[in-house]
Amino acid sequence: MRRNLVVGNWKMHGDIKSNQILLESIIEGLRDFKNADYVVCVPNPYLFQARSLLTNTNIAWGGQNVNQHEQGAFTGAVAPHMLTDLGCTYVLLGHSERRNLFYETNLTAAARFDGAIKGGLTPILCVGETLAEHEAGLTEVIVASQMDAVMATLGEQEFAKAMQLNMVFAYEPVWAIGTGKTASPEQAQLVHQFIRNRIARRNADAAAKVRIIYGGSVKAKNAAELFAMPDVDGGLIGGASLRADEFVAICQVANNVTSSACLTE
Ligand code: PEP
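These numbers come from a predicted model, not from an experiment.

Cut-offs applied
- Residues numbered from 1 in each chain as written.
- Predicted model: local features only at pLDDT ≥ 70, side-chain atom pairs only at ≥ 80, totals over all residues.
- Heavy atoms only, no water.
- Helix = DSSP H or I, 4+ residues; strand = E, 2+ residues; numbered from the N terminus.
- Rg over C-alpha atoms; globule rule 2.2 N^0.38 Å.
- Buried < 20%, exposed > 50% of the residue type's maximum accessible area, 1.4 Å probe, protein only.
- Contact = heavy atoms within 4.5 Å.
- Areas by Shrake-Rupley, 256 points an atom, 1.4 Å probe, with all protein chains shown as cover.
- Lys, Arg positive; Asp, Glu negative; His and termini not counted.
- Charge placed at Lys NZ, Arg CZ, Asp CG, Glu CD.
- Phe/Tyr/Trp six-rings, centres within 6.5 Å; stacked < 30°, edge-to-face > 60°.

Novice: Explain the overall build of the chain residue by residue, including any values.
Specialist: The helix and strand tally for the chain stands at 12 helices and eight strands. Its C-alpha radius of gyration of 17 Å places the chain within 12% of the 18 Å reference for a compact globule of 265 residues. Overall, the chain is about 45 × 45 × 35 Å in size when its C-alpha atoms are taken along their principal axes. Here the chain, with 265 residues, has 52% of them falling under the buried criterion. Residue pairs at least 24 apart in sequence account for 74% of intrachain contacts in the chain once pairs closer than 6 positions are excluded. Carbon together with sulfur atoms contributes 54% to the accessible area of the chain, which is approximately 11,800 Å² in total. With 22 positive and 26 negative side-chain charges, the chain shows a separation of 2 Å between the mean positions of the two kinds.

Novice: Outline the packing of aromatic side chains, listing residues and values.
Specialist: The way to describe two aromatic rings as a pair is by their centre distance and the angle between their planes. Applying the stated rule across the entire model yields two aromatic pairs. Look at phenylalanine 33 and tyrosine 38: their rings are 6.2 Å apart centre to centre, the planes differ by 55°, and that puts the pair in the tilted class. Assigned by exposure class, phenylalanine 33 and tyrosine 38 land together as buried.

As structure tokens, this is what we get:
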């Protein structure tokens, strides 16, 4: 049975003082939630702070990207073991902002995914179409190409390792990120089902287990209808993860939703 997962993506926001206030409020707000998993992906300079405040809580922390190399002359890059050294268990990969603003591609996402699992991190692979692609009816083509670029590079051993690490997919329609527009629950469900079916072509057991979370203007007011969909296993939350009350309310929805596809373990 799949547990819901809520991941906050802080992007490039915060400072030591505001992070402390936010994290302390989230720790307090989530204290009694036991039925889902909760993660915050904070900017790298604050991972140490996340570790000191979140150790021994029910909230995990992670990076927003990682380089595939273990070490070397890669100025500005961060290796997988550096994230695990700081207690990270998760890492976002292939976020549309990385693809659009930093010229990352399906190939770099694949290399980083491979590096992440070799380093023992749970990868959260972000996939999703732009507005133009959406309007041209290309959603499935784009999502398939983003998934296949990564899945095709994984041999049987790496695929098994990715499953052992509970790899996650995040469907994030680019037109819904930070825009206030959300995919309808039915639209999200169709794409999530498509993603699960595509994984099933490789491994049916893996498809049943893998968590597919939705991202794109998720707020407390729309989380319940999205998370109630059978193939939506929680959310990737940007803007709303910077407000403790909103983030806690979204996590509460994830904690409460126990549809047949999402019972607690
Ligand atoms: C994101 O950055 O992954 C995201 C989903 O942002 P927002 O929730 O602000 O749309």
